[in-house]
Amino acid sequence: TDPALIRNFCIIAHIDHGKSTLADRMLQLTGIVENRQMRAQYLDRMDLERERGITIKSQAVRLPFAALDDTTYVLNLIDTPGHVDFTYEVSRSLAACEGAILLVDAAQGIEAQTLANLYLALEHDLTIIPVLNKIDLPAAMPDKYAAELAGIIGCDPSEVLRVSAKSGMGVEDLLNEIVTQVPPPVGDADAPARAMIFDSVYDTYRGVITYVRVVDGHLGTRQRIQMMSSGANHEMLEVGVISPEPTKVDGLSVGEVGYLITGVKDVRQSRVGDTVTSAHTGASQMLPGYQDPKPMVFSGLFPIDGSDYPVLRDALEKLQLNDAALAFEPENSGALGFGFRCGFLGLLHLEITRARLEREYGLDLISTAPNVIYRVFLEDATEYEVTNPSEFPEGKVAEVHEPIVKGTLLAPAEFVGPIMELCQARRGALQGMDYLSEDRVEMRYVLPLAEIVFDFFDQLKSRTKGFASLDYEPSGEQAADLVKVDILLQGEMVDAFSAIVHREKAYAYGVEMTKKLRELIPRQQFEVPVQAAIGSRVIARENIRAIRKDVLSKCYGGDISRKRKLLEKQKEGKRKMKTVGRVEVPQEAFISALSTD
Ligand code: GDP
Ligand code: MG
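Quantities reported herein were computed from a predicted structural model and do not represent experimental measurements. (Residues numbered from 1 in each chain as written. Chains lettered and ligands numbered in written order. Predicted model: local features only at pLDDT ≥ 70, side-chain atom pairs only at ≥ 80, totals over all residues. Heavy atoms only, no water.)

**Quick word on the overall build of the chain**
Here is step 1 of the chain: Helices and strands together make up the secondary structure of the chain, namely 14 helices and 33 strands.
Here is step 2 of the chain: By residue count, 54% of the 597 residues in the chain fall in the buried class.
Here is step 3 of the chain: Long-range contacts, defined as pairs at least 24 residues apart, comprise 68% of the intrachain contacts of the chain with a sequence gap of at least 6. (Helix = DSSP H or I, 4+ residues; strand = E, 2+ residues; numbered from the N terminus. Buried < 20%, exposed > 50% of the residue type's maximum accessible area, 1.4 Å probe, protein only. Contact = heavy atoms within 4.5 Å.)

What follows is the structure, given as structure tokens:
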């Protein structure tokens, strides 16, 4: 295709503002999906995406569009995930486009992710087309929000388009605006091939499918290609475009968006952000923007049935084929047995991974409380990276560093007080505050990541009746007064409950965990102290009182075989027990103590 006829664009929006529905209408309007084949959120192919109504993986689709100037253009729509955990993928998708539709719900207005995505799009120099969606809703306030939107991007309110992705109203006008406003791609057709990978998906039958946007040159079938970050060469088996199902083509040229299949079996060999070139006389300079996705949140995943350990390992390996950001390594816990320490981009990533493991692989799992990465400096100048609290180094601690984020919160002005209270309680530092309109406020905070991975989002929603939204990005680290709190049963540490917390919150954590365990652990033949301690200093203590339960006393002396049976039975019951020191704890107790509610 002549690059002058190509328009590459994406839709960016806060979650639920209607990206996927708008994509649906575009598929329909351009005729590539027949009406009778249409289903809602057509591009959300993963079961979980469909159920939760969210987009996890980006998708790219080629739409032939006959514009008002009687010319047929090729529009490449790249649908992006909207959640903060997947910002990395959004950013890659943006780099593949020249234009972005900034979609805002006309009944909700601008939200935190609207802004975050807008800033990303501006960083990539994209042409922004502001659009209000859901104007069919009785609650829509298009004039108000057009003014708000025009205010933040610096255009006239009349330039804000109005559509209903649901009914299709205004969508054709929008497509024509894309053709006129978004610049066509530019690239050097005669240069060595360079294409940017913006998505990479593992398919059981075909191996890894790599989605690319060609910047320079041409990528044809029957060509060997090279991944520039690693220098690895691969045979090209197929080149194609998605429209809306995969369709083979002879090759991809400047500005075109499509997929490559090379037969590799692991998305880590074909990483998002990497540059593809030809193995023969390839390019020497990578395209900008390659960055390894880094796990930010860690949690131990353990099979409830220990014999499922190999299944879990296998499942994690399979998921990793499709998820370069998922990290894991074996972990052995005294309380929970064999499992894996897993690293995630954020809590949603954790939750989705866990849901997929349980659903797609039939596993019953218990996960330990999520924590961030800490850097611990000891007085002897050694340094440790701690992703598991139970591996906190021994020795005199000089300083502990924790990751921090820059958070943007958006809410109606009446909630400023409750939000400030919450952020303060979470050790946040206010950086600035702006009124986007007379009743909508943007607040910027620096917060420890550890303080938002737990229940920050739920707290925020409940204190603002659901009206506040949050977005954040990593922003380095800071020294903080952090301590490791251990939980001990009769003097023995229970590794699964160790946590790294701020000194001021250590006591509350200790009291809460010891209380919980006292209630959950059945009484033993002897008294069991449950303690919380920082180092050797006990900060909280509960006691589980002793009982005397002698099974044999029920048998009046004589009947030996009966006694034997009872003893046998008791032994069996013990198998489902974990022992911590001399204390027997049903695995159930650990599981309930770890599940947050
Ligand atoms: P996404 O998270 O941005 O992909 O949002 P979706 O496309 O999944 O839409 C979120 C919800 O808004 C769904 O229930 C849609 O049916 C609904 N929705 C999307 N566009 C419109 C619209 O124009 N009008 C109305 N009334 N509802 C819409
Ligand atoms: Mg969606």
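**Re the pairing of strand β5 (residues 127–133)**
Here is step 1 of the chain: A large share of β5 lies buried, amounting to six of its seven residues.
Here is step 2 of the chain: Between the parallel pair strand β4 (residues 99–105) and β5, the chain is carried across by helix α4 (residues 112–123), and the sense of this crossover is right-handed.
Here is step 3 of the chain: As paired elements, β5 and strand β6 (residues 161–162) share two bridges and run parallel to each other. For leucine 132, the partnering residue across the bridge sits in β6 and is arginine 162. (Right-handed = clockwise from strand over helix to strand, strands pointing away. Pairing = 2+ DSSP bridges.)

**Examining the packing of helix α1 (residues 19–29) against helix α6 (residues 171–181)**
Here is step 1 of the chain: With their axes 10 Å apart at the nearest point, α1 and α6 run at an angle of 85° to one another. Between α1 and α6, the crossing angle belongs to the class labelled roughly perpendicular. Residue-level contacts link Leu22, Arg25, Met26 and Leu29 of α1 to Val171, Glu172, Leu174, Leu175 and Ile178 of α6.
Here is step 2 of the chain: For the contact of α1 with α6, a count of residues per class yields seven nonpolar, no polar and two charged. (Axes fitted to C-alpha atoms, helices over the stretch in contact; angles between N-to-C directions. Parallel < 35°, antiparallel > 145°, perpendicular 65-115°, else oblique. Nonpolar A, V, L, I, M, F, W, Y, C, P; charged D, E, K, R; others polar.)

**Focus on the nonpolar core**
Here is step 1 of the chain: Counting residues in hydrophobic clusters, the biggest one holds 46 residues, and the most contacted among them are Leu357, Tyr374, Leu409, Ile419, Phe456 and Leu460.
Here is step 2 of the chain: With five residues, helix α7 (residues 309–321) is the largest single contributor of residues to this core.
Here is step 3 of the chain: With residues near it in sequence (within four places) discarded, isoleucine 419 still touches Leu409, Ala411, Met443, Leu460, Thr464 and Ala468.
Here is step 4 of the chain: With 38 residues, the next largest nonpolar core counts Leu102, Val104, Ile261 and Leu287 among its residues. (Core = buried A, V, L, I, M, F, W, Y, C linked by side-chain atoms within 4.5 Å.)

**Details of the packing of aromatic side chains**
Here is step 1 of the chain: Scanning the model with the defined rule gives six aromatic pairs in all.
Here is step 2 of the chain: A cation over a ring is seen here: arginine 582 above phenylalanine 526, with NZ or CZ 4.0 Å from the ring centre. (Phe/Tyr/Trp six-rings, centres within 6.5 Å; stacked < 30°, edge-to-face > 60°. Lys NZ or Arg CZ within 6 Å of the ring centre and 35° of its normal.)

**A few points about the sheet that holds strand β19 (residues 337–344)**
Hydrogen bonding along the main chain pairs the strands of a sheet, whether they run parallel or antiparallel.
Here is step 1 of the chain: A sheet is described by the order of its strands in space; here four strands give the open sequence β18-β19-β17-β20, paired in antiparallel fashion. The open sheet terminates on both sides in strands that have one partner only, identified here as β18 (327–333) and β20 (365–367). Looking at each pair of strands side by side, their axes are set apart by 30° on average, direction ignored.
Here is step 2 of the chain: Taken together, the five bridges between strand β17 (residues 297–303) and β19 define a ladder with antiparallel strand orientation. The partner of serine 299 across the bridge, within β19, is cysteine 342.

**A word on the site of ligand 1**
Here is step 1 of the chain: In the vicinity of ligand 1 there are 17 residues, among which Asp16, Lys19, Ser20, Thr21 and Asp136 approach most closely.
Here is step 2 of the chain: Aspartate 16 is positioned with one of its backbone polar atoms (N or O) 2.8 Å from an oxygen atom of ligand 1.
Here is step 3 of the chain: Within the complex, 81% of the 570 Å² of free accessible area of ligand 1 lies under protein.
Here is step 4 of the chain: For the shell around ligand 1, the element with the most residues is α1, which contributes three residues.
Here is step 5 of the chain: Tallied by class, residues from the shell around ligand 1 come to three nonpolar, nine polar and five charged. (Near = heavy atom within 4 Å. Polar contact = N/O pair within 3.5 Å; in protein donor to acceptor, adjacent residues only side chain to side chain. Areas by Shrake-Rupley, 256 points an atom, 1.4 Å probe, with all protein chains shown as cover.)

**Observations regarding the sheet that holds strand β11 (residues 233–235)**
Here is step 1 of the chain: Read across the open sheet, the eight strands follow the order β11-β10-β16-β7-β8-β15-β12-β13; overall the sheet is antiparallel. Of all strands in the sheet, those with a lone pairing partner are β11 and β13 (246–248), marking the two edges. Here the strands of the sheet are splayed against their neighbours by 40° on average, with no regard to which way each runs.
Here is step 2 of the chain: Examined bridge by bridge, strand β12 (residues 238–242) and β13 share three bridges and lie antiparallel to one another. Its bridge partner lying in β13, isoleucine 242 is registered against proline 246.

**A look at the UniProt feature "binding site: GTP" (unreviewed entry) in the chain**
Here is step 1 of the chain: Those places that UniProt annotates as "binding site: GTP" (unreviewed entry) correspond, in this numbering, to Asp16, His17, Gly18, Lys19, Ser20, Thr21, Asn133, Lys134, Ile135 and Asp136.
Here is step 2 of the chain: By the secondary structure assignment, glycine 18 is in the loop between β1 (6–13) and α1.
Here is step 3 of the chain: Beyond its immediate chain neighbours, meaning those up to four positions away, glycine 18 contacts Leu103, Asn133, Lys134 and Ala165.
Here is step 4 of the chain: Within the secondary structure, isoleucine 135 is located in the loop between β5 and α5 (142–153).
Here is step 5 of the chain: Ignoring sequence-local partners within four residues, the contact set of isoleucine 135 consists of Ala106, Ala140, Pro142, Arg162, Val163, Ser164 and Met169. (UniProt positions renumbered as here; feature names shortened; annotations may be inferred.)

**Structural notes on α7**
Here is step 1 of the chain: Here α7 contains 13 residues, and its C-alpha end-to-end distance of 19 Å stays within 8% of the 18 Å for a straight helix at 1.5 Å per residue.
Here is step 2 of the chain: In the core, the buried residues of α7 are packed alongside β7 (194–203), β17, β18, β19, α8 (347–361) and β20. (Expected span 1.5 Å × (residues − 1).)

**Considering the environment of alanine 279**
Here is step 1 of the chain: Note that alanine 279 resides in the loop between β16 (275–278) and β17.
Here is step 2 of the chain: As for alanine 279 and threonine 387, which are separated by 108 residues in sequence, their C-alpha atoms are 39 Å apart.
Here is step 3 of the chain: Ignoring anything within four residues of it in the chain, the contact list for alanine 279 reads Arg224, Ile225, Gln226 and Asn233.

**Here we look at the pairing of strand β23 (residues 397–412)**
Side chains on a regular strand alternate between the two faces of the sheet.
Here is step 1 of the chain: Burial analysis of β23 places twelve of its 16 residues in the buried class, which makes it a mostly covered element.
Here is step 2 of the chain: Of the strand pairs in this sheet, strand β21 (residues 374–378) and β23 are connected by four bridges, and their pairing is antiparallel. Bridge pairing in β23 links phenylalanine 377 to glutamate 399.
Here is step 3 of the chain: Here nine bridges tie β23 to strand β25 (residues 440–448), and the two strands are oriented antiparallel to one another. Bridge pairing in β25 links leucine 410 to glutamate 442.

**Some words on empty space enclosed by the protein**
Here is step 1 of the chain: With the rule as written, the count across this model stands at two cavities of 30 Å³ or more.
Here is step 2 of the chain: The space that makes up the second largest cavity amounts to roughly 30 Å³.
Here is step 3 of the chain: Together, Ala60, Val61, Arg62, Asn76, Val241, Ile242, Val257 and Gly258 line the second largest cavity.
Here is step 4 of the chain: Residue assignment for the lining of the second largest cavity shows that the elements contributing at least two residues are β2 (59–66), β12 and β15 (257–261).
Here is step 5 of the chain: At three residues, the largest contribution of residues to the lining of the second largest cavity is made by β2.
Here is step 6 of the chain: Residues belonging to the lining of the second largest cavity are distributed by class as follows: five nonpolar, two polar and one charged. (1 Å grid on protein atoms, 1.4 Å probe; cavity = no way out; pocket = protein on both sides within 12 Å on 5 of 7 lines; lining within 4 Å. Points joined across faces, edges and corners; volume = space filled by probe spheres on them.)

**Quick notes on the packing of α7 against α8**
Here is step 1 of the chain: Following both chains from N to C, one finds α7 and α8 inclined at 120°, their axes separated by 11 Å at the closest point. Where α7 crosses over α8, the two elements pack in a sense that is right-handed. Contacts between α7 and α8 involve Val311, Leu312, Ala315, Leu316, Lys318 and Leu319 from the first element and Thr353, Arg356, Leu357, Glu360 and Tyr361 from the second.
Here is step 2 of the chain: Residues that form the contact of α7 with α8 fall into these classes: seven nonpolar, one polar and three charged. (Left-handed = near helix turned anticlockwise from the far one by under 90°.)

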